[in-house]
Amino acid sequence: MSDSLVIIPTYNEKENIEEMIEAVMSQPSNFHLLIVDDGSPDGTGALVKAKMEAYPDRIFIEERSGKLGLGTAYIHGFRWALKRNYQYIFEMDADFSHNPEDLNRLYSACKNDGNEMAIGSRYVTGVNVVNWPMSRVMLSYFASHYVRIVTGMPISDTTAGFKCYHRSILETIELDKVRFMGYAFQIEMKFLTWKYGFKITEVPIIFTDRTRGESKMSGGIIKEAVIGVMQIKIGSLFRSYRREMETTQLIEANGLDRANS
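Note that this is a predicted model, so its numbers are computed, not measured. (Residues numbered from 1 in each chain as written. Predicted model: local features only at pLDDT ≥ 70, side-chain atom pairs only at ≥ 80, totals over all residues. Heavy atoms only, no water.)

Enquirer: What exactly am I supposed to notice about the overall build of the protein chain here?
Expert: Within the protein chain one finds nine helices and nine strands. Evaluated residue by residue, the protein chain yields a buried proportion of 48% over its 261 residues. Split by element, the accessible area of the protein chain, about 12,300 Å² in all, is 53% carbon and sulfur. (Helix = DSSP H or I, 4+ residues; strand = E, 2+ residues; numbered from the N terminus. Buried < 20%, exposed > 50% of the residue type's maximum accessible area, 1.4 Å probe, protein only. Areas by Shrake-Rupley, 256 points an atom, 1.4 Å probe, with all protein chains shown as cover.)

Laid out in structure tokens, this is it:
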């Protein structure tokens, strides 16, 4: 039994998925892998099932009907992981923009260094992006800067999609109330983690744009993120981020004060 689950959402990733599975399975940390496939018409799901035979009890697939979005895929995976008692849950892309070897560094940053979220960061030590045109690098870099200004998050790569969560984060965040399912999903999850007071670190990575398959980025996704950041910030002004344990301790403390008065 592994304490770690890597979640990879897929839609038409037949060019990458077999090689990605092998790369994750070869890592020294004995990761388990969950593919959440949104009914890929190119046969991605069938390729995953073939790999499952070679790695029984390490590779799993959840197949959904239709393209339901990145955020819903991850939330589906989070719930699946929590039910099976995984302690460390990862978000990762299928297209090798995230290097599978970096999974070990994110895992160590949480398990060994005491962090509750580890972010694979493109910008914490400068700009570490390969194969993107300069226009997209600038868009991504300044998008993160914009998010930091609006939200106040002390995170260099606010839009990163390569992360490790300790399960306590996913147990605390009310997953059914996460509002955004596209690009802004990544921002909202970091924002909620930060507001609840969990310990976050950024691990420098080199992000390499996909060389096979088609990008899922679109103008609508970017628009959602720009508008969504303001909505996330405004919404935060009208809610509490006290954890359940802190609330219980506060109630007990108040009760003790009244008893002693």
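Enquirer: Which parts of the structure should I look at to understand the packing of aromatic side chains?
Expert: We describe a pair of aromatic rings using the distance from one ring centre to the other and the angle between the two ring planes. The final tally for this structure, using the stated rule, is 14 aromatic pairs. Within the aromatic cluster, the residues linked to one another by ring pairs are Phe-31, Tyr-88, Phe-90 and Tyr-107. Above the face of the Phe-207 ring, Arg-122 is positioned so that its terminal group lies 5.4 Å from the ring centre. The ring of Phe-198 is capped by Arg-243, whose NZ or CZ atom sits 3.7 Å from the centre of that ring. (Phe/Tyr/Trp six-rings, centres within 6.5 Å; stacked < 30°, edge-to-face > 60°. Lys NZ or Arg CZ within 6 Å of the ring centre and 35° of its normal.)

Enquirer: Would you take a moment to explain the pattern of salt bridges for this structure?
Expert: In a structure, side chains of opposite charge can pair up when their charged atoms sit close to one another. Following the criterion strictly, the structure yields nine salt bridges and no others. A salt bridge links Glu-63 to Lys-49; the shortest N-O distance between them is 2.8 Å. Highlighted residues: Glu-63 in strand β3 (residues 59-63) and Lys-49 in helix α2 (residues 44-54), separated in sequence by 14 residues. Note on Lys-49: relative accessible area 38%, which makes it partly exposed. (Salt bridge = Lys/Arg side-chain N within 4 Å of Asp/Glu carboxyl O.)

Enquirer: In this structure, what is going on with unusual backbone geometry? I would like to understand it.
Expert: In this structure, Asn-12 takes a positive phi of about 55° despite not being glycine. We note that Asp-57 has phi near 70°; this positive angle belongs to a residue other than glycine. Secondary-structure assignment places Asp-57 in the loop between α2 and β3.

Enquirer: Sorry, what's going on with α2 here?
Expert: Given 3.6 residues to a turn, an α-helix orients residues that are three or four positions apart in the same direction. Within α2, the full set of buried residues consists of Thr-44, Gly-45, Val-48 and Lys-51. Down the axis of α2, the buried side of the element spans an arc of 120°, and every buried residue falls inside it. Seen from the open side of α2, the exposed residues pointing more than 90 degrees away from its buried face are Ala-46 and Glu-53. Buried positions along α2 lie against β1 (4-10), α1 (17-25), β2 (32-37) and β3. (Arc of directions from axis to C-beta. Contact = heavy atoms within 4.5 Å.)

Enquirer: Quick question: what am I supposed to make of the nonpolar core here?
Expert: Across soluble globular proteins, nonpolar side chains have a tendency to be buried as a group. Counting 40 residues, the largest nonpolar core has Ile-7, Phe-78, Ile-173 and Met-189 as its most contacted members. Those elements that provide at least two residues to this core are β1, β2, α3 (70-83), β5 (117-121), α5 (134-151), α6 (167-172), α7 (183-195) and α8 (219-236). When neighbours within four sequence positions are excluded, Met-189 is seen to be in contact with Phe-78, Met-117, Tyr-165, Leu-170, Ile-173, Leu-175 and Val-178. (Core = buried A, V, L, I, M, F, W, Y, C linked by side-chain atoms within 4.5 Å.)

Enquirer: Any chance you could explain the packing of α3 against α7 here in plain terms?
Expert: In a packed pair of helices, the relevant descriptors are the angle between the two axes and the axis-to-axis distance. Viewed as axis vectors pointing N to C, α3 and α7 meet at an angle of 45°, and their least axial separation amounts to 8 Å. Overall, the two elements α3 and α7 adopt an arrangement that is oblique. From α3, Leu-70, Gly-71, Tyr-74, Ile-75 and Phe-78 reach across to α7, where they touch Phe-185, Gln-186 and Met-189. Considering only residue class, the contact of α3 with α7 consists of six nonpolar, two polar and no charged. (Axes fitted to C-alpha atoms, helices over the stretch in contact; angles between N-to-C directions. Parallel < 35°, antiparallel > 145°, perpendicular 65-115°, else oblique. Nonpolar A, V, L, I, M, F, W, Y, C, P; charged D, E, K, R; others polar.)

Enquirer: Any chance you could explain the environment of Gly-114 here in plain terms?
Expert: Summarising the element assignment, Gly-114 is placed in the loop between α4 (103-111) and β5. The class of Gly-114 is partly exposed, set by a relative accessible area of 44%. C-alpha separation for the pair Gly-114 and Ile-200, spaced 86 residues apart in sequence, amounts to 9.4 Å.

Enquirer: Looking at this structure, I do not really get the side chain of Ser-121. What am I missing?
Expert: Mapped onto the fold, Ser-121 is located in strand β5. Judged by its relative accessible area of 0%, Ser-121 is buried. For Ser-121, the side chain forms a polar contact with the side chain of Glu-202, separated by 2.8 Å. Each residue touching Ser-121, except ones within four places of it in the same chain, is listed here: Ser-156, Asp-157, Glu-202, Val-203, Pro-204 and Ile-205. (Polar contact = N/O pair within 3.5 Å; in protein donor to acceptor, adjacent residues only side chain to side chain.)

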